[in-house]
Amino acid sequence: MQPDLAGFVAAVSSLETEAAAARLAVEYAARALDANVAVIVYGGQFLAAAGDAACVVAVADLERVRPDAVGCWLDVPGAGSCPAAAATLEHRPGAMLVVARPGPSGLSREETGLLRAVAQVAGRTMRMLCVLHDGRAAHEELARLSGEEAALRRMAALVARTAPPAAVFAAVAEEVGQLLDMADFTLLGRYDSDGVVELVGA
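Residues numbered from 1 in each chain as written. Predicted model: local features only at pLDDT ≥ 70, side-chain atom pairs only at ≥ 80, totals over all residues. Heavy atoms only, no water.

Participant: What am I meant to see in the side chain of glutamate 18 here?
Facilitator: Turning to its location among the elements, glutamate 18 is positioned in helix H2 (residues 18-32). The buried category is assigned to glutamate 18, whose relative accessible area is 16%. Ignoring anything within four residues of it in the chain, the contact list for glutamate 18 reads His91, Arg92, Met126, Leu129 and Cys130. (Helix = DSSP H or I, 4+ residues; strand = E, 2+ residues; numbered from the N terminus. Buried < 20%, exposed > 50% of the residue type's maximum accessible area, 1.4 Å probe, protein only. Contact = heavy atoms within 4.5 Å.)

Participant: Looking at this model, I keep getting lost on the packing of aromatic side chains. Mind explaining?
Facilitator: For any pair of aromatic rings, geometry is given as the distance between the ring centres together with the angle between the planes. According to the stated counting rule, one finds 1 aromatic pair in the structure shown. Measuring from ring centre to ring centre gives 4.9 Å for phenylalanine 8 and tyrosine 28, while their planes differ by 20°; the resulting arrangement is stacked. Residue phenylalanine 8 is found in helix H1 (residues 2-13), and its partner tyrosine 28 is found in helix H2; the two are separated by 20 residues along the sequence. Like tyrosine 28, phenylalanine 8 is buried. (Phe/Tyr/Trp six-rings, centres within 6.5 Å; stacked < 30°, edge-to-face > 60°.)

Participant: Before we go on, may I ask you to explain the packing of helix H4 (residues 109-160) against helix H5 (residues 165-179) in this structure?
Facilitator: Helix-helix packing is described using two parameters, namely the angle between the two axes and the distance between the axes. Taken N-terminus to C-terminus, the directions of H4 and H5 make an angle of 175°; their axes are 11 Å apart at the nearest point. Regarding the angle of H4 to H5, the classification is roughly antiparallel. Residues Gly147, Glu148, Ala151, Arg154, Met155, Leu158 and Val159 of H4 lie in contact with H5, whose contacting residues are Ala167, Val168, Ala171, Val172, Glu175 and Leu179. Across the contact of H4 with H5, the residue classes break down as 9 nonpolar, 1 polar and 3 charged. (Axes fitted to C-alpha atoms, helices over the stretch in contact; angles between N-to-C directions. Parallel < 35°, antiparallel > 145°, perpendicular 65-115°, else oblique. Nonpolar A, V, L, I, M, F, W, Y, C, P; charged D, E, K, R; others polar.)

Participant: Before we go on, may I ask you to explain H5 in this structure?
Facilitator: Structurally, the α-helix is built with 3.6 residues per turn, so residues lying three or four positions apart point the same way. With 15 residues, H5 ought to run about 21 Å at 1.5 Å a step, and its terminal C-alpha atoms sit 21 Å apart, in line with that. Buried within H5 are the following residues: Val168, Ala171, Ala173, Glu175 and Gly177. In the core, the buried residues of H5 are packed alongside H4, strand S6 (188-191) and strand S7 (197-201). (Expected span 1.5 Å × (residues − 1).)

Participant: Looking at this structure, how should I read the pairing of strand S5 (residues 96-100)?
Facilitator: Strand residues, when the strand is regular, have side chains that alternate between the two faces of the sheet. Here S5 lies mainly inside the structure; 5 of its 5 residues are buried. Judged by which residues are buried, S5 turns out to be covered on both faces: Met96, Val98 and Ala100 on one side and Leu97 and Val99 on the other are all buried. As defined by bridge partners, strand S1 (residues 37-42) adjoins S5 across 5 bridges and the pair is classed as antiparallel. For valine 37, the partnering residue across the bridge sits in S5 and is alanine 100. Note: strand S4 (residues 80-88) against S5, 5 bridges, orientation antiparallel. Following the sheet pairing, alanine 87 is matched in S5 by leucine 97. (Pairing = 2+ DSSP bridges.)

Participant: For this particular structure, what's the right way to read the sheet that holds S5?
Facilitator: Through backbone hydrogen bonds, the strands of a sheet pair up, either in parallel or in antiparallel fashion. On the basis of which strands lie adjacent, the open sheet formed by 5 strands has the order S2-S1-S5-S4-S3 and antiparallel pairing. Each having just a single partner strand, strand S2 (45-50) and strand S3 (72-76) make up the two edges of the open sheet. If you compare each strand with its neighbour and ignore which way they point, the axes differ by 30° on average. In this structure, S3 lies alongside S4, joined through 5 bridges in antiparallel fashion. From the neighbouring strand, cysteine 72 faces S4, where its bridge partner is alanine 84. Contacts from H2 reach S1, S2 and S5, with the element oriented near 45° to S2. Against the sheet, H4 engages S2, S4 and S5, with an angle of about 50° to S4.

The following block contains the structure:
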């Protein structure tokens with residue numbers, strides 16, 4: 001099992017999103033523990049699920065499987081009452097990796113250790129990816145706000161120099177076009193009282 005766990009650690013470390021890390025964790029847990037159900041639940045929702053019956057088991061039933069509890073069972077459609085086990089993910093308070101499989105008894109000591117290790121690695125990776133995503137989003141927002149502020153300063157300087165209206169309107173169209181980098185062209189129009197649009201800048 002250790003080589004497989006090492007492979008999981010290497011694979012999850014190369015992912016770029018929290019959702020992808022959660023998905024890989026449940027897929028690995030289902031495969032390594034021969035589980036019919038492997039899910040990550042949080043706040044009454046599935047974060048990720050693997051196994052044929054995973055998405056038809058009620059989240060409330062999954063959340064009743066407590067981490068490190070002995071003798072937990074889960075009703076799995078098509079498989080009946082199955083021993084179940086759970087491990088906590090550090091990333092989100094209350095998030096759990098839950099597995100269930102048919103058989104007379106639950107996970108062995110070694111399998112329980114593997115489940116905890118998968119949950120620990122997945123939780124830390126998901127947390128890191130979430131922080132990185134938030135950092136990128138904050139950086140992009142800061143860059144957008146800085147660009148808007150610089151555009152406003154340029155417009156204010158143009159108006160302060162008493163530039164003619166045509167020059168101001170053309171500059172406004174240009175600045176807006178640069179801020180909306182997906183635009184191919186930008187037009188600035190004025191509605192006259194008769195409903196006709198007059199092009200004043202482009």
